[in-house]
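# Results of the structural survey
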Amino acid sequence: SQQGEEDPQALSIQEGENATMNCSYKTSINNLQWYRQNSGRGLVHLILIRSNEREKHSGRLRVTLDTSKKSSSLLITASRAADTASYFCATDERSLIQGAQKLVFGQGTRLTINP
Amino acid sequence: NAGVTQTPKFRVLKTGQSMTLLCAQDMNHEYMYWYRQDPGMGLRLIHYSVGEGTTAKGEVPDGYNVSRLKKQNFLLGLESAAPSQTSVYFCATNRLTGNYPEQYFGPGTRLTVT
């Protein structure tokens with residue numbers, strides 16, 4: 001089952017505007033990760049936020065995490081045409097085997113940046 | 001340094017045929033994963049491996065088998081393909097978890113079962 005639900009499913013904005021995507025999840029997590037997927041390609045890791053962190057920045061990316069609401073948001077500032085892609089949140093669920101990881105992905109937000 | 005590679009890139013199978021997807025990594029990562037991605041959906045975990053000779057079931061393991069005979073390779077097998085297995089398959093790897101939980105993905109294998 002999909003742990004994460006992302007909102008909106010699709011977002012279209014003008015170049016230079018900010019893009020915000022939201023992710024909600026259901027169970028306790030160790031960390032939450034955001035990945036990007038260009039059309040027809042594999043996923044690329046963008047940023048990770050741990051369960052004891054509330055906000056994290058990386059370049060034009062800003063991620064927030066609210067564990068009380070079981071939600072996260074990804075903000076991309078000053079968007080560029082090259083940011084056009086699908087963005088997925090993934091929650092880290094600990095498996096029964098010690099140390100192993102099982103990421104559970106949301107359905108993704110398809111972001112289109114119009115020049 | 002190729003990272004994570006997958007072969008083949010595309011494949012069309014008829015119902016009942018079998019095939020093996022190969023994932024290879026040159027990053028010396030301990031953990032390897034197989035996911036499937038269906039249209040408009042996120043990735044779902046099929047099987048994973050925490051090291052050579054060890055595999056475990058993920059969320060959607062039925063109809064698939066895996067093997068990790070060498071640390072750098074993780075094979076996904078379909079013994080009798082079904083149309084429901086039409087999907088894009090991604091392999092991923094990462095180091096021992098803790099400080100490095102991010103996963104590195106291959107480019108994917110697009111499989112169509114007719």
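This write-up is about the structure you can find in this document. (Residues numbered from 1 in each chain as written. Chains lettered and ligands numbered in written order. Predicted model: local features only at pLDDT ≥ 70, side-chain atom pairs only at ≥ 80, totals over all residues. Heavy atoms only, no water.)

## Quick notes on the sheet that holds strand β1 (residues 4-7) of chain B
Residues and elements named next belong to chain B. Our working rule: The pairing criterion for strands is at least two bridges between them, as found by DSSP. By the criteria applied, helices consist of DSSP H or I runs no shorter than four residues and strands consist of E runs no shorter than two, each listed in order from the N terminus. Helix axes are fitted to C-alpha atoms over the stretch in contact, other axes to C-alpha atoms as well, and angles between N-to-C directions run from 0 to 180 degrees.
Taken in spatial order, the 4 strands of this open sheet run β1-β3-β8-β7, and their pairing is antiparallel. The open sheet has two free edges, formed respectively by β1 and β7 (65-67), since each of these has just one partner strand. Each strand axis lies, on average, 20° off the axis of its neighbour in the sheet, ignoring direction. Pairing analysis gives 6 bridges linking strand β3 (residues 19-25) to strand β8 (residues 73-78), with the strands arranged antiparallel. Bridging across to β8, C23 finds its partner in F74.

## What about the layout of surface pockets?
Heads up, the condition is: Computed over the protein atoms alone on a 1 Å grid, cavities are sets of points where a 1.4 Å probe fits but cannot get out and pockets are open sets with protein on both sides within 12 Å along at least five of seven lines; a residue lines them when it has an atom within 4 Å of a point. Grid points are joined across faces, edges and corners, and a volume is the space filled by probe spheres set on the points. Only Asp, Glu, Lys and Arg are considered charged in this grouping, and only Ala, Val, Leu, Ile, Met, Phe, Trp, Tyr, Cys and Pro are considered nonpolar; every other residue, Gly among them, is considered polar.
By volume, the largest pocket is sized at about 710 Å³. A:Q37, A:S39, A:G40, B:Q37 and B:R110 are, among the 32 residues lining the largest pocket, the residues nearest its centre. Counting only elements with at least two residues in the lining of the largest pocket, the list comes to β9 (85-94) and β11 (109-114) of chain A together with β9 (87-94) and β11 (109-113) of chain B. The greatest single-element share of the lining of the largest pocket, amounting to 4 residues, is contributed by β11(B). Residue composition of the lining of the largest pocket, by class: 10 nonpolar, 17 polar and 5 charged. Reported here for the second largest pocket is a volume of approximately 210 Å³. Those elements that provide at least two residues to the lining of the second largest pocket are β5 (43-50) of chain A together with β10 (104-105) of chain B. For the lining of the second largest pocket, the leading source of residues is β5(A), giving 3 residues.

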